[in-house]
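Structural characterization, general
Residue strings, one per chain:
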Amino acid sequence: KAGVTQTPRYLIKTRGQQVTLSCSPISGHRSVSWYQQTPGQGLQFLFEYFSETQRNKGNFPGRFSGRQFSNSRSEMNVSTLELGDSALYLCASSTALQGAGADTQYFGPGTRLTVL
Amino acid sequence: GIQVEQSPPDLILQEGANSTLRCNFSDSVNNLQWFHQNPWGQLINLFYIPSGTKQNGRLSATTVATERYSLLYISSSQTTDSGVYFCRYMEYGNKLVFGAGTILRVKS
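Report on the accompanying structure. (Residues numbered from 1 in each chain as written. Chains lettered and ligands numbered in written order. Predicted model: local features only at pLDDT ≥ 70, side-chain atom pairs only at ≥ 80, totals over all residues. Heavy atoms only, no water.)

1. Side note on the overall build of chain B
Broken down by element type, chain B carries 0 helices and 11 strands. On C-alpha atoms alone, chain B measures out to a radius of gyration of 13 Å, which is about the 13 Å that the 2.2 N^0.38 rule sets for 108 residues. Taken over the C-alpha atoms alone, chain B extends approximately 45 × 25 × 20 Å along its principal axes. Counting only residues that meet the buried cut, chain B has 46% of its 108 residues in that class. A separation of at least 24 residues holds for 54% of the contacts in chain B among residues at least 6 apart in sequence. Summing over all exposed atoms, chain B offers an accessible surface of approximately 5300 Å²; the carbon and sulfur share of this is 48%. Distance from the positive charge centre (8 side chains) to the negative charge centre (7 side chains) of chain B: 4 Å. (Helix = DSSP H or I, 4+ residues; strand = E, 2+ residues; numbered from the N terminus. Rg over C-alpha atoms; globule rule 2.2 N^0.38 Å. Buried < 20%, exposed > 50% of the residue type's maximum accessible area, 1.4 Å probe, protein only. Contact = heavy atoms within 4.5 Å. Areas by Shrake-Rupley, 256 points an atom, 1.4 Å probe, with all protein chains shown as cover. Lys, Arg positive; Asp, Glu negative; His and termini not counted. Charge placed at Lys NZ, Arg CZ, Asp CG, Glu CD.)

Next up, the structure:
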């Protein structure tokens, strides 16, 4: 079974631009969660999508958004990029059978975003 | 929100040694899990451990919910155990929160 894939793996953008990151979950997984990891703030939960609906959301501004498609693939978008958005963005998929937080999540390798 | 403290922040071990990592919480938490992030950034679920004890090979975890802490034991450490260990819990509003992590370095 193929693992979680994320594209692109590396990305360089400038302030003010927008960016879209993609995550393909493990086949059969209906839940996709997104996380941001920075040296200063650590690992932070962005949001979770389940069956094309946002089920949970962390404490991030509205510039961070996401969506999920009918095949469970998910994208997250960051508009009006700021220097502080430079981070490793991780997505994780799960069956969501046990509910958010209780599931075993499988993580992708991440997308490293650098904002100049 | 609930505060979490992971200790120790940093740990250096000789291969074969044992270690105990800890997460202390300021209040009761739900859906506690432990994760390992290897030096290349890959995150892996280790345990879902809201209470009680679980073991998987050389690793085991214990959560004492009434006393608001969780422990991760690593026995006979190997260099492949190096990386960062995080605890994660769910707080009000189904928000998932990670601890700051324990950086573990195992030397051969």
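After that view of the structure, there is still more to cover.
2. Things to note about the packing of aromatic side chains
Describing an aromatic ring pair means giving the distance of the ring centres and the angle of the ring planes. Throughout the structure, instances matching the rule amount to 9 aromatic pairs over all chains. Their ring planes at 75° and their centres at 5.6 Å tell us that Phe47 of chain A and Tyr49 of chain A sit as a pair that is edge-to-face. There is no split in this pair, since Phe47 of chain A and Tyr49 of chain A are both buried. Measuring from centroid to centroid gives 5.7 Å for Phe107 of chain A and Phe35 of chain B, while their planes differ by 90°, and the two rings are edge-to-face. Placement of the pair is Phe107 of chain A in strand E10 (residues 106–107) and Phe35 of chain B in strand E4 (residues 30–37), with the two residues belonging to separate chains. The pair formed by Phe107 of chain A and Phe35 of chain B is uniform in burial state, with each residue classed as buried. Ring pairs connect the aromatic residues Tyr35, Phe45 and Phe107 of chain A together with Phe35, Phe86 and Phe98 of chain B, which therefore count as one cluster. (Phe/Tyr/Trp six-rings, centres within 6.5 Å; stacked < 30°, edge-to-face > 60°.)

3. Digging into the interface of chain B and chain A
Residue-level contacts link 17 residues of chain B with 19 residues of chain A. Regarding the contact of chain B and chain A, the summed buried area is about 1500 Å², with carbon and sulfur atoms giving 53% of it. Contributing elements (two or more residues each) for the side of chain B that touches chain A: E4, strand E5 (43–48), strand E9 (83–91) and strand E10 (95–98) of chain B. The leading source of residues in the side of chain B that touches chain A is E4 of chain B, at 4 residues. (Buried area = accessible area lost by both parts, 1.4 Å probe.)

4. A closer look at the state of the cysteines
All names here are of chain A. Per the stated rule, a full pass over the model turns up 2 disulfides over all chains. Here Cys23 engages in a disulfide with Cys91; their sulfurs sit 1.9 Å apart. Here Cys23 and Cys91 share a disulfide; its torsion about the S-S bond, 70°, makes the bridge right-handed. Residue Cys23 is found in strand E3 (residues 19–24), and its partner Cys91 is found in strand E9 (residues 87–94); the two are separated by 68 residues along the sequence. Cys23 sits in the buried class, given a relative accessible area of 0%. (Disulfide = S-S within 2.5 Å.)

5. Observations regarding the nonpolar core
Across soluble globular proteins, nonpolar side chains have a tendency to be buried as a group. By size, the foremost hydrophobic cluster in this structure holds 21 residues, and its most contacted members are Trp34, Leu46, Phe64, Met76 and Tyr89 of chain A. Elements with a minimum of two residues in this core: E3, strand E4 (31–38), strand E5 (42–50), strand E8 (74–78), E9 and strand E11 (111–115) of chain A. Beyond its immediate sequence surroundings of up to four residues, Tyr89 of chain A is in contact with Gln6, Leu21, Tyr35, Gln36, Leu46, Phe64, Met76, Gly110, Thr111 and Leu113 of chain A. If you look at the next biggest cluster of nonpolar residues, it comprises 20 residues, including Leu13, Val29, Phe47 and Cys87 of chain B. (Core = buried A, V, L, I, M, F, W, Y, C linked by side-chain atoms within 4.5 Å.)

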